[in-house]
There are 2 protein chains.
Amino acid sequence: MIRRFPLVGLLLATLLPLVPLAQADETTPADAVTPSLPTAPSNRPVAWGLDNGMTVVLMENHANPMVAVRLLLPAGASREPEGQAGLAALTEALLWEGSHDHPGLELMQAFESLGIRANGGVGRDTTTVSVTALSREGGQAMALLAETVGTPNFDPADVDRIKGDLGAARRKSLEDPDTEAAMLFRAQLFAGHPYAHDPDGTVEGIAARSRDEIVAFHNRFYTPQGAVLVVAGDVDRPTLDQWLAPLDGWKGPLVAPIPRLPNWSKPQAQTATRDLSQSTILMGFLTIDRGDPDYPALYVANYILGGGGFTSRILHEIREKRGLAYSAYSYLTGGNAGGAFIAGAQTKNATRDEATALLRREIVRMAADGPSQEEFDAAIRYLTGSFPVQMDTLSKVADRIAVDQFQGLGADGPWRFLEQIRALTLDQVRAVARKHFHPDQIVAITVGGTVAPSTP
Amino acid sequence: MIRRFPLVGLLLATLLPLVPLAQADETTPADAVTPSLPTAPSNRPVAWGLDNGMTVVLMENHANPMVAVRLLLPAGASREPEGQAGLAALTEALLWEGSHDHPGLELMQAFESLGIRANGGVGRDTTTVSVTALSREGGQAMALLAETVGTPNFDPADVDRIKGDLGAARRKSLEDPDTEAAMLFRAQLFAGHPYAHDPDGTVEGIAARSRDEIVAFHNRFYTPQGAVLVVAGDVDRPTLDQWLAPLDGWKGPLVAPIPRLPNWSKPQAQTATRDLSQSTILMGFLTIDRGDPDYPALYVANYILGGGGFTSRILHEIREKRGLAYSAYSYLTGGNAGGAFIAGAQTKNATRDEATALLRREIVRMAADGPSQEEFDAAIRYLTGSFPVQMDTLSKVADRIAVDQFQGLGADGPWRFLEQIRALTLDQVRAVARKHFHPDQIVAITVGGTVAPSTP
């Protein structure tokens with residue numbers, strides 16, 4: 001099935017840019033599909049380039065008769081020309097509305113009739129198209145994928161309809177204070193950089209886009225040069241080479257890298273008042289990204305600070321000890337142009353200031369002293385021990401490989417990250433926490449009401 | 001990791017009772033973890049009973065060194081005594097706050113130190129506890145599971161704190177009009193029956209619960225009699241028998257079945273007006289459940305009506321042809337006490353009446369004429385062809401087996417459902433659609449604004 005509730009899915013993908021997508025952006029290394037650690041070299045992915053500039057990665061796994069395919073195109077929201085908000089999202093949504101050989105609904109029917117699941121999504125750096133198919137349908141799946149991405153019709157009636165759909169979805173999503181907080185936070189943290197472009201666009205931006213702009217965006221950024229195609233599952237190299245035939249004729253321009261983010265942010269705070277019983281707090285700063293040698297140690301420090309479930313400091317201090325929030329967390333997020341640290345909590349209006357102060361305090365404390373030996377040991381034990389459990393499907397494997405390859409970390413990035421985590425010492429994590437947590441550069445956003453609720 | 005954002009997860013699980021949970025409730029049969037169809041008997045699950053009244057199901061799969069465990073207890077929201085809303089949710093949330101041997105946070109730390117992922121959830125019929133672990137930790141995982149479920153401390157300070165957390169989460173979730181619509185719809189469709197109890201409870205109900213009520217609920221409904229334990233993955237029967245030792249001493253009372261739902265509903269319509277640009281529409285009626293011999297045919301009819309992605313009639317009429325909604329769907333949902341059909345859409349206020357009329361029209365049309373030959377062929381092709389893709393993880397396999405076993409369909413229910421779908425004829429689907437779609441009994445809820453938005 002394809003995009004069963006297409007815009008609901010899109011909505012979910014977009015209204016949570018700072019939580020689930022961030023998790024996807026994070027590197028949680030894994031070697032789930034291999035029977036045990038250490039992983040034999042033959043169970044690592046194999047990568048090669050096509051003449052058209054695309055990188056192909058194959059991760060063989062013959063446990064089930066299926067393949068998971070990910071195509072990452074350099075067509076994320078950060079590619080939108082200034083003032084053209086929503087262009088990436090509209091272009092992706094319109095892919096599914098008909099291609100040259102399968103106009104209109106025929107395209108969806110073609111996927112469905114083969115039992116192929118296909119969908120797409122837009123992030124900061126990439127537009128991703130995902131396909132899951134039985135391996136016996138892999139050749140047809142790849143042909144349909146090439147057609148979907150390469151020859152969309154952009155029928156004017158569909159353009160108008162999808163603009164209406166996306167605009168309504170965006171309008172509705174912004175009625176959720178968490179989404180509004182995420183939007184405000186993104187705009188401030190990344191101000192002046194293309195990462196400030198919201199992958200969901202804006203209500204006004206979506207309404208203002210034209211078919212010509214969409215066609216131009218497609219022509220320029222839906223290009224095999226710099227694109228990454230990952231195939232994980234039940235296929236060998238000779239068969240995959242046959243499947244790739246439909247991509248042979250696909251050509252496109254090379255696109256320049258997005259300018260780097262600065263590695264510091266300007267501290268500021270903003271509060272938006274709404275008629276709500278609860279408040280949403282987001283704070284963070286720009287910092288190193290996943291390509292930095294210090295990243296594994298920073299990842300461990302963040303795990304201990306706010307990324308580690310029930311045992312993280314933030315959750316312990318804010319939720320367990322004081323019952324101030326029903327959600328409190330932190331994470332690292334990064335893309336090709338740079339990285340950021342983000343912490344957040346949801347709390348009652350009455351305890352908003354207290355929760356905000358505690359979030360700041362825990363960031364300061366981690367920067368100053370780093371973790372304890374006990375926290376460090378537990379984190380390393382968890383992060384190395386849980387890899388297989390954290391990556392137990394072809395889809396997760398394909399996602400991780402694709403992101404690492406696209407970000408220049410290599411297709412075996414997840415495995416190398418695991419090795420880096422294993423080799424860390426407590427002193428390294430402390431030094432990196434001191435160096436790359438920037439409590440003096442915190443950008444903070446609060447969306448919430450002014451009135452305390454009448455019942456607890 | 002355990003319950004990384006525990007209450008966010010819980011919130012998501014609860015604010016979407018009518019969409020994702022419904023999908024989980026639906027039977028989408030599958031035989032993903034077996035290499036090809038037809039499935040050899042040895043690749044079917046094996047079930048047996050323990051002396052304490054619990055059913056154990058083993059689904060062996062040695063592809064990865066992992067196990068997925070599901071424990072379904074007859075402790076769903078429908079078990080709450082009248083006037084004790086929120087009791088099931090509070091009891092489940094408190095399981096994770098400490099047990100006899102691991103008080104407070106030590107319980108979570110014990111799971112985390114083994115890299116075990118564990119969480120719980122409350123539905124109408126069941127409280128479910130899920131564990132994913134490396135198979136080499138399976139014995140310890142089962143011991144921790146037994147301890148978590150069997151000996152929670154219900155520390156008074158934790159009770160107060162979790163009441164605050166759940167209450168705040170519920171209050172916040174109800175600020176989402178979709179959640180409010182789902183709550184109103186559930187209350188009307190199931191009025192007078194325990195299925196009207198919301199698995200998330202109510203803000204007032206959660207605040208009013210006492211520790212004594214929680215302890216009593218735990219004593220009465222956290223019982224092995226009628227419970228189902230499914231283990232899918234890398235373990236054989238002799239090893240599993242050893243893992244089950246910690247459950248040996250667990251005893252508990254037998255609980256009576258929930259009274260059956262009637263098989264008809266009283267038509268009615270309700271509109272709640274809010275300051276919103278969009279409207280949420282839900283409508284449906286009581287009908288047969290998954291144990292009815294007509295269910296497979298009704299499932300196919302619903303797939304064609306509104307369950308089939310881009311090619312469903314509802315999505316085609318409302319979204320593709322008219323651009324009225326960015327989400328439009330229907331599904332069947334059922335539990336041990338009976339089933340229901342539910343359709344929904346989200347649309348602009350200005351087109352709410354038109355979308356509502358179209359939903360009703362398509363239900364009437366399916367009841368009157370059933371599907372066409374072409375629609376029937378495509379649906380059977382998709383539903384039989386996509387099974388492996390729809391069920392490609394141990395977790396999905398364990399979920400499906402557990403629900404079918406708990407609902408009395410047998411542990412091999414998913415496989416038998418596939419065979420039933422394969423054997424259907426168009427005439428059967430038409431007759432069943434006529435018999436079990438009840439357009440004269442529609443219960444409808446709308447939550448939305450009165451003002452059309454100023455931009456499209």
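This is a predicted model, so every value here is computed, not measured.

1. Topic: the domain arrangement of chain A
Residue and element names in this part refer to chain A.
- You can read the domains of chain A as domain 1 (44-245) and domain 2 (266-446).
- Between domain 1 and domain 2, the C-alpha centre-to-centre distance is 28 Å.
- Facing 35 residues of domain 1, the contacting portion of domain 2 comprises 36 residues.
- Regarding the contact of domain 1 and domain 2, the summed buried area is about 2,900 Å², with carbon and sulfur atoms giving 69% of it.
- Among the residues domain 1 hides against domain 2, the three largest losses belong to Arg 44, Phe 185 and Gln 188. Together they make up 23% of the total.
- As a salt-bridge pair, Arg 274 and Glu 180 come within 2.2 Å of each other at their nearest N and O atoms.
- Where domain 1 meets domain 2, there are eleven residue pairs in polar contact (both at pLDDT 80 or more).
- At the level of secondary structure, the elements contributing two or more residues to the side of domain 1 that touches domain 2 comprise strand 2 (55-60), strand 3 (66-73), helix 7 (177-189) and strand 6 (228-233).
- Among the elements that take part in the side of domain 1 that touches domain 2, helix 7 stands out by supplying nine residues, more than any other.

2. Remarks on the nonpolar core
- Formed by 102 residues in total, the largest nonpolar core has its most connected members in Val300(A), Phe437(A), Met142(B), Leu229(B) and Leu240(B).
- The biggest single contributor to this core is helix 11 (residues 295-307) of chain A, with nine residues.
- Not counting residues within four places of it along the chain, the set of residues in contact with Leu229(B) comprises Met54(B), Thr55(B), Val56(B), Val57(B), Val69(B), Arg70(B), Leu71(B), Met142(B), Leu145(B), Leu244(B) and Leu247(B).
- If you look at the next biggest cluster of nonpolar residues, it comprises 54 residues, including Val67(A), Ala110(A), Val131(A) and Leu240(A).

3. Some points on the confidence of the model for chain A
All names here are of chain A.
- In this model, chain A carries a mean pLDDT of 87, and residues with pLDDT of at least 70 account for 89%.
- Counted against residues more than four places away or in other chains, residues 1-42, with its pLDDT under 50, gives 122 contacts.
- We note a pTM of 0.82 for the whole complex and an ipTM of 0.74 for its interfaces.

4. Things to note about the sheet that holds strand 3 of chain A
All names here are of chain A.
- Taken in spatial order, the six strands make up an open sheet running 1-2-6-3-5-4, and their pairing is mixed. Each of the sheet's edge strands pairs with one partner strand only, and the pair in question is strand 1 (46-49) and strand 4 (117-122). In this sheet, neighbouring strand axes are inclined to one another by 15° on average, regardless of whether the strands run parallel or antiparallel.
- The pairing of strand 1 with strand 2 spans four bridges and is antiparallel. Bridge assignment links Ala 47 to a residue of strand 2, and that residue is Val 57.
- Relative to the sheet, helix 3 (residues 87-95) contacts strand 4 and strand 5 (127-134), its axis offset from that of strand 4 by approximately 170°.

5. Some points on the sheet that holds strand 9 (residues 325-335) of chain A
All names here are of chain A.
- Reading across the sheet, the five strands line up as 7-11-8-10-9 and stay open at both edges, with mixed pairing between neighbours. Pairing within the sheet leaves two strands with one partner each, and these edge strands are strand 7 (268-273) and strand 9. Across the sheet, the mean angle from the axis of one strand to that of its neighbour is 15°, orientation sign disregarded.
- Across six bridges, the pairing between strand 8 (residues 278-287) and strand 11 (residues 443-448) is antiparallel. When the sheet's bridge partners are listed, Gly 284 is paired in strand 11 with Val 443.
- Of the strands in this sheet, strand 8, strand 10 (338-348) and strand 11 touch helix 13 (residues 352-369), which is tilted by about 20° from strand 8.

6. Considering the pairing of strand 3 of chain A
Residues and elements named next belong to chain A.
- A large share of strand 3 lies buried, amounting to eight of its eight residues.
- On strand 3, burial covers both faces: Met 66, Ala 68, Arg 70 and Leu 72 on one face and Val 67, Val 69, Leu 71 and Leu 73 on the other are all buried.
- Examined bridge by bridge, strand 3 and strand 5 share eight bridges and lie antiparallel to one another. Following the sheet pairing, Arg 70 is matched in strand 5 by Ser 130.
- Pairing between strand 3 and strand 6: six bridges, direction antiparallel. Bridge pairing links Ala 68 to Ala 232 in strand 6.

7. Remarks on the environment of Lys266(A)
All names here are of chain A.
- Structurally, the position occupied by Lys 266 is in the loop between helix 10 (237-243) and strand 7.
- The exposure class of Lys 266 is exposed, given its relative accessible area of 62%.
- Among residues more than four places away in sequence, those in contact with Lys 266 are Gln 441 and Val 443.

Calculation rules
- Residues numbered from 1 in each chain as written.
- Chains lettered and ligands numbered in written order.
- Predicted model: local features only at pLDDT ≥ 70, side-chain atom pairs only at ≥ 80, totals over all residues.
- Heavy atoms only, no water.
- Domains from an automatic or database assignment.
- Contact = heavy atoms within 4.5 Å.
- Buried area = accessible area lost by both parts, 1.4 Å probe.
- Salt bridge = Lys/Arg side-chain N within 4 Å of Asp/Glu carboxyl O.
- Polar contact = N/O pair within 3.5 Å; in protein donor to acceptor, adjacent residues only side chain to side chain.
- Helix = DSSP H or I, 4+ residues; strand = E, 2+ residues; numbered from the N terminus.
- Core = buried A, V, L, I, M, F, W, Y, C linked by side-chain atoms within 4.5 Å.
- Buried < 20%, exposed > 50% of the residue type's maximum accessible area, 1.4 Å probe, protein only.
- pLDDT = per-residue confidence, 0-100.
- Pairing = 2+ DSSP bridges.
- Axes fitted to C-alpha atoms, helices over the stretch in contact; angles between N-to-C directions.

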